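Below are the chains, spelled out letter by letter.
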Amino acid sequence: MQGGVIGFAIVHSKLIVIDPFTNPIVVTGSHNFSGSASTNNDENFIIVRDNQELAKHYAAHILSVYQHYRWLAFVNGLQGKGKSPDGYLKENDLWQDPQLKGLGKRELDFWVR
């Protein structure tokens with residue numbers, strides 16, 4: 001645990017996506033979204049409004065990075081307890097059920113409409 005936060009990961013992705021479906025806004029560029037970037041450094045960013053396709057692609061990218069680190073944190077937590085993630089990977093299509101049914105399907109429908 002570092003600074004009261006579980007886990008530690010640095011992702012050097014300078015990106016903000018706001019409301020990718022209704023009123024999409026994407027902010028990206030060299031700007032680090034920090035105080036020094038805004039006051040001292042020579043950095044740039046661009047704001048793209050009303051481009052739903054771009055916003056959805058960037059939102060999907062953000063979610064994929066999050067899921068990657070979420071899985072690594074899960075495995076690390078198990079290994080810290082002397083366990084292994086054995087049994088979580090299935091050799092049939094049942095492993096998809098949590099994502100394709102119930103709450104998982106609702107979230108997928110929201111993002112993929």
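Residues numbered from 1 in each chain as written. Predicted model: local features only at pLDDT ≥ 70, side-chain atom pairs only at ≥ 80, totals over all residues. Heavy atoms only, no water.

Draft legend 1. Seen up close, the packing of aromatic side chains. Counted according to the given criterion, the structure contains four aromatic pairs. Geometrically, the ring pair formed by Phe21 and Trp111 is tilted, given 5.5 Å between the ring centres and 55° between the ring planes. Taken as a pair, Phe21 in the loop between β1 (15-18) and β2 (25-29) and Trp111 in helix α4 (residues 102-112) lie far apart in primary sequence, 90 residues in all. When the centroid spacing of 5.5 Å and the interplanar angle of 35° are considered together, the rings of Trp71 and Phe74 count as tilted. Here Trp71 and its partner Phe74 are both found in helix α2 (residues 52-80), three residues apart, which amounts to about one turn of the helix. Using a relative accessible area of 32% as the deciding quantity, one classes Phe74 as partly exposed. (Phe/Tyr/Trp six-rings, centres within 6.5 Å; stacked < 30°, edge-to-face > 60°. Helix = DSSP H or I, 4+ residues; strand = E, 2+ residues; numbered from the N terminus. Buried < 20%, exposed > 50% of the residue type's maximum accessible area, 1.4 Å probe, protein only.)

Draft legend 2. Geometry of a nonpolar patch on the surface. Side chains of Val11, Tyr69, Trp71, Leu72 and Phe74 sit close together on the surface and give an oily, nonpolar patch of about 430 Å² of accessible area. Residue class for Val11 comes out partly exposed when judged on its relative accessible area of 41%. (Patch = residues over 30% accessible without salt bridge, like charges linked within 9 Å, V, L, I, M, F, W, Y side chains within 5 Å. Areas by Shrake-Rupley, 256 points an atom, 1.4 Å probe, with all protein chains shown as cover. Salt bridge = Lys/Arg side-chain N within 4 Å of Asp/Glu carboxyl O.)

Draft legend 3. Inspection of the sheet that holds strand β3 (residues 45-49) at higher detail. Sheet architecture is open: three strands sit in the order β1-β2-β3, paired in antiparallel fashion. Sheet topology places β1 and β3 at the edges, where each strand pairs with a single neighbour. Averaged over all pairs of adjacent strands, the angle between strand axes in this sheet comes to 10°, irrespective of strand direction. Note that β1 and β2 share four bridges and pair antiparallel. The partner of Ile16 across the bridge, within β2, is Val27. On top of the sheet, α2 reaches β1, β2 and β3; it is set at about 120° to β1, its chief contact. (Pairing = 2+ DSSP bridges. Axes fitted to C-alpha atoms, helices over the stretch in contact; angles between N-to-C directions. Contact = heavy atoms within 4.5 Å.)

Draft legend 4. Fine view of the side chain of His31. With respect to the helices and strands, His31 occurs in the loop between β2 and α1 (35-39). With near-sequence residues (within four places) excluded, His31 lies in contact with Lys14, Ala37, Ser38, Glu43, Asn44 and Phe45.

Draft legend 5. Geometry of the pattern of salt bridges. Summed over all chains, the structure comprises two salt bridges. Lys105 serves as the salt-bridge partner of Asp109, at 2.9 Å between the closest nitrogen and oxygen. Here Asp109 and its partner Lys105 are both found in helix α4, four residues apart, which amounts to about one turn of the helix.

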